[in-house]
There are 4 protein chains.
Amino acid sequence: MTRKISFSSDYTKGAHPEILQRLQETNYEQIDGYGTDDYCKSAADKIRAACDCKDADVFFLVGGTQTNQTIIDMLLEPYEGVVAAQTGHVAAHEAGAIEFSGHKVLTLPSIPEKSASSDAIYSDEIGKIRAEDLKKLLKDFYEDDNHEHMVFPGAVYISHPTEYGTLYTKSELGELSAICKEYEIPLFLDGARLGYGLMSRRTDVTLQDIAKLVDVFYIGGTKVGALFGEAVVFPGKVPTKHPVPIIKQHGALLAKGWLLGLMFDTLFTDDLYMDISRNAIDKAEKLREGLTEKGYQLYIDSPTNQQFILLEDDRLKELSEHVRYGFWEKPDENHTVIRLATDWATTDEDIEELMTYL
Amino acid sequence: MTRKISFSSDYTKGAHPEILQRLQETNYEQIDGYGTDDYCKSAADKIRAACDCKDADVFFLVGGTQTNQTIIDMLLEPYEGVVAAQTGHVAAHEAGAIEFSGHKVLTLPSIPEKSASSDAIYSDEIGKIRAEDLKKLLKDFYEDDNHEHMVFPGAVYISHPTEYGTLYTKSELGELSAICKEYEIPLFLDGARLGYGLMSRRTDVTLQDIAKLVDVFYIGGTKVGALFGEAVVFPGKVPTKHPVPIIKQHGALLAKGWLLGLMFDTLFTDDLYMDISRNAIDKAEKLREGLTEKGYQLYIDSPTNQQFILLEDDRLKELSEHVRYGFWEKPDENHTVIRLATDWATTDEDIEELMTYL
Amino acid sequence: MTRKISFSSDYTKGAHPEILQRLQETNYEQIDGYGTDDYCKSAADKIRAACDCKDADVFFLVGGTQTNQTIIDMLLEPYEGVVAAQTGHVAAHEAGAIEFSGHKVLTLPSIPEKSASSDAIYSDEIGKIRAEDLKKLLKDFYEDDNHEHMVFPGAVYISHPTEYGTLYTKSELGELSAICKEYEIPLFLDGARLGYGLMSRRTDVTLQDIAKLVDVFYIGGTKVGALFGEAVVFPGKVPTKHPVPIIKQHGALLAKGWLLGLMFDTLFTDDLYMDISRNAIDKAEKLREGLTEKGYQLYIDSPTNQQFILLEDDRLKELSEHVRYGFWEKPDENHTVIRLATDWATTDEDIEELMTYL
Amino acid sequence: MTRKISFSSDYTKGAHPEILQRLQETNYEQIDGYGTDDYCKSAADKIRAACDCKDADVFFLVGGTQTNQTIIDMLLEPYEGVVAAQTGHVAAHEAGAIEFSGHKVLTLPSIPEKSASSDAIYSDEIGKIRAEDLKKLLKDFYEDDNHEHMVFPGAVYISHPTEYGTLYTKSELGELSAICKEYEIPLFLDGARLGYGLMSRRTDVTLQDIAKLVDVFYIGGTKVGALFGEAVVFPGKVPTKHPVPIIKQHGALLAKGWLLGLMFDTLFTDDLYMDISRNAIDKAEKLREGLTEKGYQLYIDSPTNQQFILLEDDRLKELSEHVRYGFWEKPDENHTVIRLATDWATTDEDIEELMTYL
C-alpha cells in the first residue's frame, strides 16, 4: 500500500520531540505513582500560572471521554443531568459513558439554519449552545410544577473548540457563565482541542478568560502534542472532598501518573503548548486559503484546525487515492462533507502536497 | 533531598529502552486511532502465537483497575457478582470500581493460619483462593432455596502472581478451571505482574497453560517494561457482540491505541517480555538470599519479584534513610512488614547497594 | 375547604369494590411471598387467555416508572439505549430512572405541526413515534462508520395510549413491529392506561393484536381499577434467565406479591378490566361532546379518557373554584391547556356536575 | 391439599382490619398523588409525635429492599460504601441492590462462637455488629496510607431486630451512635420488624431512643399490620436537597402515595402499631415456653417474634405435614434449623394448634 498523507484527524501522530526527549531522560528515575510526584506538581504550578489562577485544583487524566465522564460525575448530584449541545461529544459520541455513570444528557439544539448569504453552508454558530436556549431550558424546568419528576439540569457542558471547530466569543462565554451562576450550576468546558481555539486568529478568548468564566475545564494534550493526557483545571475548587477514589473508581487513575505530569510540564514550559497550537492554525489558514482559491464549497468557515468541505463523490474518490481524510456526513446521494485536520506537527510541505491533490 | 534507591514498587520507572526507541521511530507516522491499526494487529498476532492460541481475541487497555472493571463488567449479567479472594485487588484496592459498575465482589478467605513450621510467617498460600472454598461457595449458593434473592456468582477472579507475590500451581489452576466449567462461569486471571509469575523459578505454569485453563486473562505491561498498558486475551471469544462501546463507556478506549500495540509488539518480539521478567526474578532471588543470610524474618517465602520482610521499627527507621520501600502492614506496635519489589530494570548494583543498608 | 370534584388524573381513587371485597375475604389466608402464590398463577393464566397467548411469561410489578425501568434494563445490553418519543414518559417524566440504570433514552420527535384544518389544535399524531422516523434512526445508526462510539438503539418504547391520550392504529403498530423485527430489537409497549386504549371507540387494536405485535407490554392496574400494580406480559419469553434477582435489585419485588395477583385475578375475571375501562371512555365521550357543544377549543381530539382543552386564564380561574384539573401547559401569557381525565369510577353525575361549571 | 397452619414468616397475611376498613371508607375520595396528600401529612405528624422528634423528615416507601437501597444511596457519596453485618439483609439477601446503586457493602462479622454454657446454640449476639469491630474498621481505614484506593466507609447499617430476631441494647446503640458521630458518618437502622423489637419483653430500647441515637431509620409496615409500606424517619434532616427525584429514579415513588399515609395514620392512631406488635411477642413467648417445655433445642433464645429451633430431620418431616415453617439452615446431614414466626394477627389458638404438632 502506498503511503498516503493523512489529514483525517489531529491524533494520528505521537508527541512533540521534547516530550520524547524527557521520557528518555527520566526513564530510570524512580518516581512515586498515582500523580503524587514532583512532575505533576510542577506541571500544575505552570498551568496555574498560565491560567493566572493560583488556587486552582489541577489534575491529569488520560483521555477525553474518560475526563468528561469523571468530571461530570463529580459535578452532578445523582438526580441531575448535564446540559449539552445535541452535537456535543458527551451527547453523541461517547457510547453512553455519561449514562453509564447514571446521568442524563439534556440536549439543546446546535445546528442552525443553513446560511444563505455566506460562502459557507453553515454559519460558525454550529456546534454551540446559545445563552437564550440555556436560559429557557432552566427557566422552563423550574417553572414546571412537575419538575421533581424530571431530571434536574445540574451542570452545563460546552466544548471549545466545538466538535465542528467553531468557537465561543468571550461575550458568549460570559453570558453562559452568568446564567450558570444565576442558577448555581457549574459550567464545564471540554478543551480537548483548547490550544487550537486559543491560537485561532479569530478569537478574543484567552486561557485566563476561560479560567475566570468557567468552573472547570481541561487542556487537551492528546490532540495537542502529548502522547495522551488531559489537564483538568478547577479554577475554584474541586467539588468533592475525595477526588482520588472517584477517579480510581472510573478506572482513570494512571499508575505512572508522572508521565502525564512530565508531558504537561514540557508543554507548559516556554509557551510550547501555545507555539505548537499556533502551528496548526497557521497550516489550517493556509489550507483554507488554498481551498477557497480553488473554489471549494466550505461547510463552515472554521476558525480553528479542522476544515470542512463539501465535495462531489467522484472528486472525493480521486482525492482518496492520495489523502486520508475524516468522513463527516453525506448531505445527499452525490456529495460528501469531509474534514481535513491540521495539528501541532503539520508542515508547510504537508499542505503543499495536499494542495496538489485538491 | 538525597536521592534514595527505591524498591517501593514495580511501577516506578518508564519503559524498556526498545520501547522508547520505537516511539521515537514511529513518532511521525500517521496511524489510525482506537486500536484499529497495524501495530495492534501485529502485537495481537504475536501474543496469540506466544499463547499458542490462534483464535484468541486480544485487545489493549491502559491500566489494571480499568481492565479489571471493564472485563468483569463484560463477563457478568447484571444480577451477578464476581468471586475473588478477600485480598484480591478488585475486592480491596480499587475504590469500589467493580461496585461502580453495579456488581458485588463475593469474597473467599485468602489469609491462611500463620505457618509455625516454616521460615516465613505465612505459607505461600496467602492471597490465593482454594478450589474447595470456591466449590463450597457455588454449591451452597445453588442449594439455597433463597438464592434468587442473593447475588449470583457469575465469574471468578484470581490474580497470578497474587497481591502477595504468591503463585498458583498448574494443578491448582486446573482445579479452579474445572469447577468454573462445571458451573459454567468464566475464570478471569489478573496478570498485572504475569511476567514475574511465568519467570519464577518455582512455578510449573506457562503462558500456554494459562491460555488453556482460563477464559480471559491479561498480560501486564505497566509493571513489566511498558510505559503503561495491559493486553487482554480471551482464548475463546469475547463474551459480547460489541466490546468497543463497552470499553468506550468505561472511558477505557485510548485514542492513540497504537501506542499500546507498539509497546506490546516490542515486548512480544524476541521474547523480550520474558527476558526482562526473568531479570526481576533473578534480582529478587539474589535479594531473598541476602535477606535470609542476614537473618531477616520473611513474611512469606515469595517466589516472585515482591519480597516481604518483618522489621523492628527502629531498624526500619534507619533503613528508610537510604531506601524507599512499600509499607505493607503493622502486625504490632514495634514491628512493620515492608515490601521490596524488583522489576525489569533492577540491576545487580541496585541489589548490592540495598544490601549495604540492610 | 370546600370539596371540589376532581378530574386531575386517573389515579385519584382507590380500587374497584370487588378488589376491596377480595382483600377482605383473603385477609387471613396465609400466602407465600414474592409472587410465588396461586393468585399470581391464576391471574397470569387469565391474562394469557385474554391475550390469546398461552406461553407468555407474566409477572406483576408495583408502579409505572418501576416497571419501565426494570423492563428496559432487562431488554438492553449495557451499551444499548432505548428509543422513545421525546414526550415519552421514560424520556421526560421519570427523573432519570432509565439513566440511573445506565441507559440512554434516544428520542424521536413526537409533536407534529399544529393542525390548521381541524377542530383541535394538534392532530392525534401527537405523542406517537412514526415508523419512518424510527427506520431512519436505525438506518442512519448502522450506516455511520463511527457507530461503535455511539449508543446502540437496543429497544423501542412506545406508550399506548400515549401521554397525550392518543392511540396507534393496528397498521402503525404493525409497521413499528416489522422494523423492530428487521433490526432484531424488541418493541416495548407501556400500557399504564391500556384499558382506556382498548376500549376507545376509535381504535382497531385489540389486546390480542398487541400480544402479537410487541415483544413485551404491560397492562396498567394503578390507573385502571387496582390499588396499584402493573401486569407485565412477554408474549414470547422474558429475555433473561433470572428475572427475579433483576426485579429484586431494582427494589421492585413486592413481599406480599399475592396482592398484585389477587387484584389482577379480579380484574381479569368476567371482563371486569374491559368493563370498567369502557366506563371511563363513555364518560370521556360524554365530556367531549359537552365541551364541543359549549365551544371549547380542544387541544387534541382525544380518543381516550384524557381530554385536553385550551382556556383563557380568567375562565380557568373561575373553573378552579369548583374543579381540580391537571395543568398541561401554557401556550401563551393568557391561555392554559388543562387535562380532564375520567376513570373506571367516574359517574354520569360527575360529568353533569362538571358541565355545570364549564 | 389440606390447609396447613403457617409460621413461615410474618408477611403471609393482609392487613389489620382497621386498615381495610379505612381503605373502604376512603375509596372514592379523590386524593392527590405521590405522597403530597393529607393522610401522609397526618401520618408523618403522628410518627413525629410518637418519636418525640418534632422536626423529623418522614416519608413512606413500599418495601424493605427498596427502602434500604434508596436510603443508602441518599446517605453515601459515590466513593463510599455502607458498613453492615455479614448477615445483614443488605449484605446477604437483596440480590445486589446496593451494588446496583454503585455502592459496596463493607461487612463486619456477626456470627459469634457457639455458646457452650447456654440453653441455646448461639448467644443473642448473633446478627449484630459490635462497637469494637466497627471502631477497628474505621480506625484501620483512616490509618491506611492507601485508603484513597479503598472504599470509604460512609454509613453504618444495622437491623433491629436483626435478621436473627436479636436486639441491640440501648447501651450498644449508644456506643455505635457515638462512633458514627466521631467519624461523622450516619447510622441507619432497618426497622422492617421494628414493632416486634420495641415490644420485646427483653429490651430497654424505645422508639424515642432510636430517634435520638440514629440518623435515619424506618418503621416497618409490611411485616407489622400494613398491606405493605415502610415509614422512613430522618430525626435530623434528609441529607439531600431533593429526595423526590432520588426516590423516583429508584422506581420507588408510589402514584397513590396516600395509601401508605392512610395505613401508617391508622397504625399510629391509639397505639395500634405497638398493640399489635405486642400481640406477636405474647404469642412468641407462649411458643417459646412450649418449645422449652417440650425439650426443643433453641438455636438462639430469641427475644422477638421469630423463634428458631434445631430439629432432627425425621421429626421435621412429620411436622411439615401440618405446619409451614421457614427453612433456616442445615447444620449437618440429619438436622435442620427452622424459623417459626408469629405476627400481629397470630392467635392463642394458632399457638395451641401448633403445639399439638410439636
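Residues numbered from 1 in each chain as written. Chains lettered and ligands numbered in written order. Predicted model: local features only at pLDDT ≥ 70, side-chain atom pairs only at ≥ 80, totals over all residues.

Draft legend 1. Structural context of the sheet that holds strand S10 (residues 306–312) of chain D. All names here are of chain D. What the four strands build is an open sheet, ordered S9-S10-S13-S12; its pairing is antiparallel. Of all strands in the sheet, those bounded by a partner on one side alone are strand S9 (297–298) and strand S12 (326–332). As paired elements, S9 and S10 share two bridges and run antiparallel to each other. Counted as the bridge partner of Gln297 is Leu310 from S10. Contacting S9, S10 and strand S13 (335–341), helix H12 (residues 272–293) runs over the sheet at an angle of about 25 degrees to S10. (Pairing = 2+ DSSP bridges. Helix = DSSP H or I, 4+ residues; strand = E, 2+ residues; numbered from the N terminus. Contact = placed C-beta atoms within 7 Å. Axes fitted to C-alpha atoms, helices over the stretch in contact; angles between N-to-C directions.)

Draft legend 2. Looking closely at the relation of the copies chain A and chain B. For the pair chain A and chain B, the superposition axis carries a translation of 0.0 Å, the fit reaches an RMSD of 0.0 Å, and the rotation angle comes to 180 degrees. These values place the two chain copies in the arrangement generated by a two-fold rotation axis. Of the interface residues in chain A, 100% have counterparts in chain B that sit at the interface too, so the contact is made through matching surfaces. (Least-squares fit on C-alpha atoms with pLDDT ≥ 70 in both.)

Draft legend 3. Structural context of unusual backbone geometry. Geometrically, the link from His160 of chain B to Pro161 of chain B is a cis peptide bond, its omega value of -5 degrees lying close to zero. Of note in this structure, Asp271 of chain B is not a glycine but carries a positive phi near 60 degrees. On the secondary structure map, Asp271 of chain B appears in the loop between helix H11 (258–267) and helix H12 (272–293). Look at Asp52 of chain D: it is not a glycine, yet its phi comes out positive at around 55 degrees. Along the chain, the position of Asp52 of chain D falls in the loop between helix H2 (38–51) and strand S2 (57–61).

Draft legend 4. The arrangement of the relation of the copies chain C and chain A in detail. Expressed as a screw transformation, the operator carrying chain C onto chain A has a rotation angle of 180 degrees and an axial translation of 0.0 Å, and the superposed copies differ by an RMSD of 0.0 Å. A symmetric contact is evident, with 100% of the interface residues of chain C recurring at the interface of chain A.

Draft legend 5. Broad picture of the interface of chain A and chain B. The interface is formed by 42 residues belonging to chain A together with 42 residues belonging to chain B. Put simply, the parts of the chain that give the side of chain A that touches chain B at least two residues each are helix H1 (17–25), helix H3 (64–75), helix H5 (97–100) and helix H10 (243–249) of chain A. Among the elements that take part in the side of chain A that touches chain B, H3 of chain A stands out by supplying four residues, more than any other. Looking at side-chain class alone, the side of chain A that touches chain B contains 19 nonpolar, 19 polar and four charged residues. (Nonpolar A, V, L, I, M, F, W, Y, C, P; charged D, E, K, R; others polar.)

Draft legend 6. Here's a closer look at the domain arrangement of chain A. All names here are of chain A. On domain assignment, one finds that chain A holds domain 1 (5–12 + 273–357) and domain 2 (17–270). Put simply, the middle of domain 1 and the middle of domain 2, counted by C-alpha atoms, are 26 Å apart. Across the contact, 22 residues belong to domain 1 and 28 residues belong to domain 2. If you list the elements that add at least two residues to the side of domain 1 that touches domain 2, you get helix H12 (272–293), strand S9 (297–298) and strand S10 (306–312). Looking at the side of domain 1 that touches domain 2, the element that brings in the most residues is H12, giving eight residues. Considering only residue class, the side of domain 1 that touches domain 2 consists of twelve nonpolar, six polar and four charged. (Domains from an automatic or database assignment.)

Draft legend 7. Geometry of the nonpolar core. One finds Val233 of chain A, Val233 of chain B together with Val233 of chain D to be the most contacted residues of the largest nonpolar core, which totals 456 residues. The contact partners of Val233 of chain D, leaving out residues within four places of it in the chain, are Ile47, Cys51, Ala56, Val58, Ala211, Val216, Phe217, Tyr218 and Ile219 of chain D. (Core = buried A, V, L, I, M, F, W, Y, C linked by C-beta atoms within 7 Å. Buried ≥ 20, exposed ≤ 12 C-beta atoms within 10 Å, placed from the backbone.)

Draft legend 8. Region of interest: the environment of Glu184 of chain C. Structurally, the position occupied by Glu184 of chain C is in the loop between helix H7 (170–183) and strand S6 (187–190). Expressed as a C-alpha distance, the spacing of Glu184 of chain C and Ala155 of chain C, which sit 29 residues apart in the sequence, is 8.9 Å.

Draft legend 9. Layout of the interface of chain C and chain A. If you look at the interface, chain C gives 17 residues, while chain A gives 17 residues. Residues of the side of chain C that touches chain A, tallied by class, amount to seven nonpolar, seven polar and three charged.

Draft legend 10. Inspection of the packing of H2 of chain D against helix H11 (residues 258–267) of chain D at higher detail. Residue and element names in this part refer to chain D. Where H2 contacts H11, the axes come no closer than 7 Å and their chain directions differ by 40 degrees. As H2 packs across H11, the resulting crossing turns out to be left-handed. The residues of H11 that touch H2, namely those facing Tyr39, Cys40, Ser42, Ala43, Lys46 and Ile47, are Trp258, Leu260, Gly261, Leu262, Phe264 and Asp265. Residue composition of the contact of H2 with H11, by class: eight nonpolar, two polar and two charged. (Left-handed = near helix turned anticlockwise from the far one by under 90°.)

Draft legend 11. Seen up close, the sheet that holds strand S12 (residues 326–332) of chain C. Residues and elements named next belong to chain C. If you walk across this open sheet you meet the four strands as S9-S10-S13-S12, and the pairing is antiparallel. Two strands bound the open sheet, and with one partner strand each, they are strand S9 (297–298) and S12. Of the pairings in the sheet, the one linking S12 to strand S13 (residues 335–341) comprises four bridges and is antiparallel in character. Considered in S13, the bridge of Asp332 is made with His335. Where helix H12 (residues 272–293) meets the sheet, it contacts S9, strand S10 (306–312) and S13, and its direction lies at approximately 25 degrees from that of S10.

Draft legend 12. Examining the pairing of strand S3 (residues 80–85) of chain A more closely. All names here are of chain A. Burial within S3 is extensive, with six of its six residues counted as buried. The pairing of S3 with strand S5 (residues 152–159) spans four bridges and is parallel. Across the sheet, the residue bridging to Val83 is Val156, located in S5. Relative to strand S4 (residues 105–108), S3 runs parallel, the two sharing four bridges. Bridged to Ala85 within S4 is Leu108.

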